[in-house]
Each structure stands twice: as C-alpha cells, then as structure tokens.
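Structural overview for review
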Amino acid sequence: AGPHIAFGMNWFVPPSEEDAPLVYHNGQTNGFHGFLGIHGDFGVVVLSNCADMSGTMLARGILDMVVNGESKRWPPQAAPKLRGSRSKAAELSPYLGSYALNANTEFVVSYSRLFGTLAVQARGSWAWLPWYAAEEEGVFCQPRAGAKLRFDETGLVLEQSGQRLVLPRVAQPVCG
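Position numbers for residues count from 1 along each chain, tracking the sequence in the order it is written. In keeping with the model being predicted, local features are shown solely for residues with a pLDDT of at least 70 and side-chain atom pairs are shown and tallied solely at 80 or more, while totals for entire chains, interfaces and linings include all residues. Note that water and hydrogens are dropped before the side-chain values are worked out from all heavy atoms of the structure.

So, about the overall build of the protein. Looking only at helices and strands, the protein has two helices and 13 strands in total. The buried share among the 176 residues of the protein stands at 35%. Considering only contacts in the protein between residues 6 or more positions apart, those separated by 24 or more positions represent 33%. We get accessible surface area from the Shrake-Rupley algorithm with a probe of 1.4 Å; when it comes to residues, only the shown protein chains can shield them. Accessible surface for the protein amounts to roughly 10800 Å². Of this, 57% is attributable to carbon and sulfur atoms. By the criteria applied, helices consist of DSSP H or I runs no shorter than four residues and strands consist of E runs no shorter than two, each listed in order from the N terminus. Each residue gets one of three labels from its accessible area relative to the maximum for its type: buried under 20%, exposed over 50%, partly exposed in between, using a 1.4 Å probe on protein chains only. Contacts are residue-level and defined by heavy atoms, with any inter-residue pair within 4.5 Å sufficient.

Working definition: rings of Phe, Tyr and Trp (its six-membered ring) pair if their centres are within 6.5 Å, and the pair is stacked with planes under 30 degrees apart, edge-to-face with planes over 60 apart, and tilted otherwise. Within the structure shown, the criterion is met by seven aromatic pairs. Ring centres 4.7 Å apart and planes at 45 degrees place the aromatic pair Tyr95 and Phe151 in the tilted group. With a gap of 56 residues between them, Tyr95 in the loop between helix H2 (89-92) and strand E6 (97-102) and Phe151 in strand E11 (residues 147-152) connect regions that are remote in the sequence. Judged by relative accessible area, Tyr95 falls into the buried class, the value being 11%. Each ring, one from Phe115 and one from Trp128, has its centre 5.9 Å from the other, and the planes form 65 degrees; the classification is edge-to-face. Here Trp128 lies in the loop between strand E8 (117-122) and strand E9 (129-133) and Phe115 lies in the loop between strand E7 (105-112) and E8, a separation of 13 residues in the sequence. For Phe115, a relative accessible area of 35% puts it in the partly exposed group. Assessed through its relative accessible area of 35%, Trp128 is described here as partly exposed. Among the aromatic residues, those joined into a cluster by ring pairs are Tyr95, Tyr99, Phe140 and Phe151.

A few words now on the sheet that holds strand E13 (residues 163-171). Any two strands between which DSSP finds at least two bridges are classified as paired. Around the barrel, eight strands lie side by side as E6-E7-E8-E9-E10-E11-E12-E13; this closed barrel has antiparallel pairing. On average, each strand axis in the sheet is tilted by 30 degrees relative to the strand beside it, whichever way the strands run. Note that E8 and E9 share three bridges and pair antiparallel. What sits directly across from Val120, in E9, is Leu129. Only the stretch in contact is used when fitting a helix axis, every axis being a line fitted to C-alpha atoms; angles between N-to-C directions are given from 0 to 180 degrees.

Structure representation (structure tokens):
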C-alpha cells in the first residue's frame, strides 16, 4: 500500500520526508474553488471562479516552484481522452465493489444507470460523482475533480492534485 494522507480538523497533510510538510485545505462551492497551503515559511492562496481542481493544481505548482525550484504539477498534463459513450453495467462490473482508503474511510464503486458510468461515493455520504471511461482500459476520469481512477489486480489507484493513493479492494458488490 502507498503512503496515506493525514487528515485532521479539515486540513490535509500529504506524506513527506521533510521537517516542514505541506498542510493545506481546498474546496469548492457554487462554482468557485479555493486553496490555502502552507509549506514551512511559505504560503499560497488561490481563489478561482472555476469549480474544478485547476486552482489546487496551480497552487501546488506554485509551492513546488518556491520550495523545490521546479514543478511536475504545473502546467497540468492533458486529460485522458474519454470514450464519449455510455457503458453498460456488465462492462463495468469488474470494477464494482468497496475500496479502503484507510481503516475509517471506504469508497463504494457502483454503476450509475442515470449516466451509464461508474459512480464513486464515500461510505455513509449522500454525495457521489460519476466517473467517465477513458480510452485506456481500466481508467476512468472525473473532469470536475481533476482526478483519475486506474484499476488493477490490487484494487484502484486514485490520482489527483499530483498525489497517488492506492486503495485495496475490500469487498465485491452484493448482487440481489
């Protein structure tokens, strides 16, 4: 399993070997996006009128440039090409099930009949997001969140904001 992001009092602390790790909070509401990140003696605030992850990617890129002198986050890579058609439930069934982020957080991957896509939801949350199939087999994208899911034999890999999280499968879907 990969390193875990610490989360406390609504602040994210990604894994780091540095004495002064990055601490940040970001979010979106009503078509706007905000990011506040602190890394040692440096801080960055980005406010955007786009409700996607581009504000976070820009802010993380700025922090990378200030702290490391270079950034692999900015400019962002081109988004994967999407298939552009609805998928059938049978096509997506190998990906359905529950995946653990940590001991307390589990994501449920199901099929959305409304969109013909995967739907990902944190267990216990009312909110879910549709994920669209990329042309590459086993890869799905959520353009609004700027994230990518990649499924393999160990589970799924979530890539977002320059981070890569491995979530092992903990349960197959129950069919009734």
